[in-house]
Amino acid sequence: EAPVPGEIGPFELMAIKFKEEGDLAMMKWFLSLGPNKMLEDIVRDVESGKRTIEGDRAATYMVNVLRKQFVDTIYPDLDRDYRGVTSPIVALQPELDDTLTRAGQQRWKAWTSSPEGSRLKVLREATHMGCLAPHLVHEREDCPLIEEVLRDMAKVIEGS
């Protein structure tokens, strides 16, 4: 979702949450974005006490990667990195991603000087991570995110 002007950005908020809730919560959140058999097994085994994160090579590796990406990372500076966008923004919302709201995606209009051309596009039958890979949409193999980006680029090229 788009950040709320004047508040802490979503990437920093996520890092704070993961620092407070711990590695297991971070792995469970990442698992909620799309299927991952290895991570499912790790989470199940850690929750049941069958293994620990520290005592398991795969779990330790996964946690280290997730920490680098989502906790010990550089966050965008909202004023420096988000302000000054002059082009319309197309906010893409995977239909099956419960972490995004329509209102949160509509907020992207506040970050551009062209809000009238900005729009929200719902990616049908797509999950957060699944929108990046082809999957069946209305009985046809499709990658909704790529298809939408290509359509938008074609409009820009036509208007040039």
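Residues numbered from 1 in each chain as written. Predicted model: local features only at pLDDT ≥ 70, side-chain atom pairs only at ≥ 80, totals over all residues. Heavy atoms only, no water.

## Brief notes about the packing of helix α1 (residues 10-21) against helix α2 (residues 23-32)
Just so we agree on the cut-off: Note on definitions: angles span 0 to 180 degrees between N-to-C directions of axes, and those axes are lines fitted to C-alpha atoms, for helices only across the stretch in contact. Helix numbers and strand numbers start at the N terminus; a helix is a DSSP run of H or I with at least 4 residues, a strand a run of E with at least 2. Roughly parallel means an angle under 35 degrees; roughly antiparallel means over 145; roughly perpendicular covers 65 to 115; every other angle is labelled oblique. Any pair of residues with heavy atoms lying within 4.5 Å of one another is described as a contacting pair. Ten residues, namely Ala, Val, Leu, Ile, Met, Phe, Trp, Tyr, Cys and Pro, are considered nonpolar, four, namely Asp, Glu, Lys and Arg, are considered charged, and the remaining ones, Gly among them, are considered polar.
Where α1 meets α2, the closest approach of the two axes is 6 Å, and the angle between their N-to-C directions is 130 degrees. It follows that α1 is oblique to α2 by the angle criterion. Each of Met 14, Phe 18 and Glu 21 in α1 lies in contact with α2, whose residues at this interface are Ala 25, Met 26 and Trp 29. Classifying every residue of the contact of α1 with α2 gives 5 nonpolar, no polar and 1 charged.

## Some thoughts on the environment of Gly 6
Here Gly 6 lies in the segment before α1. In this structure, the C-alpha to C-alpha distance between Gly 6 and Asp 79, residues 73 residues apart in sequence, is 8.8 Å.

## Looking at the nonpolar core
Generally speaking, soluble globular proteins have nonpolar side chains that are buried together. The following threshold applies: Definition of nonpolar core: a set of buried residues of the types Ala, Val, Leu, Ile, Met, Phe, Trp, Tyr and Cys, connected through side-chain atoms within 4.5 Å. When accessible area is computed with a 1.4 Å probe and restricted to protein chains, residues below 20% of their type maximum are described as buried, those above 50% as exposed, and intermediate ones as partly exposed.
With 18 residues, the main nonpolar core has Phe 18, Met 27, Trp 29, Phe 30, Leu 66 and Phe 70 as its most contacted residues. Counting residues per element, this core draws most heavily on helix α4 (residues 57-70), at 5 residues. Filtering out sequence-adjacent residues up to four positions away, Met 27 remains in contact with Leu 39, Ile 42, Val 43, Ile 53, Met 62, Val 63 and Leu 66. Ala 2, Leu 78, Ile 89 and Trp 111 belong to the second largest nonpolar core, which has 5 residues in total.

## Regarding the confidence of the model for the protein chain
Heads up, the condition is: pLDDT expresses how confident the predictor is about each individual residue, on a scale running from 0 to 100.
With 99% of its residues at a pLDDT of 70 or more, the protein chain shows a mean pLDDT of 88. Confidence, read as mean pLDDT per element, is least for strand β3 (residues 135-137) in the protein chain (68) and greatest for helix α3 (residues 37-48) (96).

## Some words on the packing of aromatic side chains
Centre distance and the angle of the planes are the two values used to describe a pair of aromatic rings. Quick reminder of the rule: Stacked, tilted and edge-to-face are the three classes applied to pairs of Phe, Tyr and Trp rings, where Trp contributes its six-membered ring and a pair requires centres within 6.5 Å; stacked means planes under 30 degrees apart, edge-to-face means over 60, and tilted covers the rest.
Under the definition given, this model contains 6 aromatic pairs. Centre to centre, the rings of Trp 29 and Phe 30 are 6.2 Å apart; their planes meet at 55 degrees, and the pair counts as tilted. Considering the side-chain rings of Tyr 82 and Trp 108, the 5.9 Å spacing of their centres and the 20 degrees angle between planes classify their relative orientation as stacked. In this pair, Tyr 82 sits in helix α5 (residues 78-82) while Trp 108 sits in the loop between α6 (102-106) and β2 (119-123), placing the two residues 26 residues apart along the sequence. Every member of this aromatic cluster is reached through a ring pair, and the members are Phe 18, Trp 29, Phe 30 and Phe 70.

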